[in-house]
Amino acid sequence: MKKSIIAALAASVCIASPAFSAPFEGTWATDAGQCRVGPSSDSRFVIRGSQWSGYETSCRITSVRTRGNEHVLSRTCTSEEDPFKDRVTIRMSGEDSLTMTGGELSGQRLIRCGAKPAAVRPDASVRPNRLIDIWDQADGICRGSGGERAMKGCELREEVGPLIQAQGWCRGKVHEAGFEYRWHRCTKDSNRL
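Here the structure is a predicted model, which is why all the values come from computation and not from measurement. (Residues numbered from 1 in each chain as written. Predicted model: local features only at pLDDT ≥ 70, side-chain atom pairs only at ≥ 80, totals over all residues. Heavy atoms only, no water.)

A. View of the state of the cysteines. Taken as a whole and assessed by the stated rule, the structure comprises 4 disulfides. Between the sulfur atoms of Cys142 and its disulfide mate Cys154 the distance is 1.8 Å. The disulfide joining Cys142 to Cys154 has a torsion of about 80 degrees about its S-S bond and is therefore right-handed. With Cys142 in helix α3 (residues 128-144) and Cys154 in helix α4 (residues 147-166), the pair connects residues that are 12 residues apart, well separated along the chain. Residue classification places Cys142 among the buried positions, given a relative accessible area of 13%. (Disulfide = S-S within 2.5 Å. Helix = DSSP H or I, 4+ residues; strand = E, 2+ residues; numbered from the N terminus. Buried < 20%, exposed > 50% of the residue type's maximum accessible area, 1.4 Å probe, protein only.)

B. Geometry of α4. With 20 residues, α4 extends 30 Å from end C-alpha to end C-alpha; this agrees with the ideal 28 Å at 1.5 Å per step. Three or more residues of α4 are buried, namely Ala150, Gly153, Leu156, Arg157, Val160, Gly161, Leu163 and Ile164. The inward-facing, buried residues of α4 contact α3, β10 (169-171) and β11 (183-185). Once α4 ends, the next one or two residues include Gly168, with phi positive near 90 degrees. (Expected span 1.5 Å × (residues − 1). Contact = heavy atoms within 4.5 Å.)

C. Just the pattern of salt bridges, in detail. For the structure on display, the rule yields 9 salt bridges. For Arg157, the salt bridge is made with Asp139, and the minimal N-O distance between the two is 2.7 Å. Of this pair, Arg157 sits in helix α4 while Asp139 is found in helix α3, placing the two residues 18 residues apart along the sequence. Summarising the burial analysis for this pair, Arg157 and Asp139 share the class buried. The partner of Arg157 in a salt bridge is Glu158, with the nearest N and O atoms 3.4 Å apart. On the basis of relative accessibility, which here comes to 17%, the residue Arg157 falls in the buried class. Taken together, the shared-partner salt bridges connect Asp139, Arg143, Arg157 and Glu158 into one network. (Salt bridge = Lys/Arg side-chain N within 4 Å of Asp/Glu carboxyl O.)

Following this line, the structure appears as structure tokens:
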């Protein structure tokens, strides 16, 4: 009995074979525009089963260790004909957003390609960082898509913006150009959403 409990606990923390449907499987990119570029983008990669495919890099995932929303993947890779082994840590932020430590896009927030804007409309009680993530994803869809999908992304962005501002956060300052905008605690010279 004791051995079966230990085995069950070990299985929940460490998964030796990545032959399961993991939450990080899918196509990931730095923004919606990179999703459309396809395999030629160096800001995009695909995980399917134990295969990891990126720009000029192909890997086999040899093991996965999972703790909560964090997954440590050991990989055996080839990049431009040079083989190497490494570890990548993926930290999920909901179903459609992640950040990585290690690997080709280390330190960047990535979105799931093809993700729909959040079906559940958040209210003002949602934490500001989660609302900001939703706004950023909706903004990417709004500006990087077309047709009805873009309209839904824009609508969600417009709905979430005032909720973020109500919690004291603003994006950009009146004297900055758009590319300089960053989320910050609102001040008198902040842009209002």
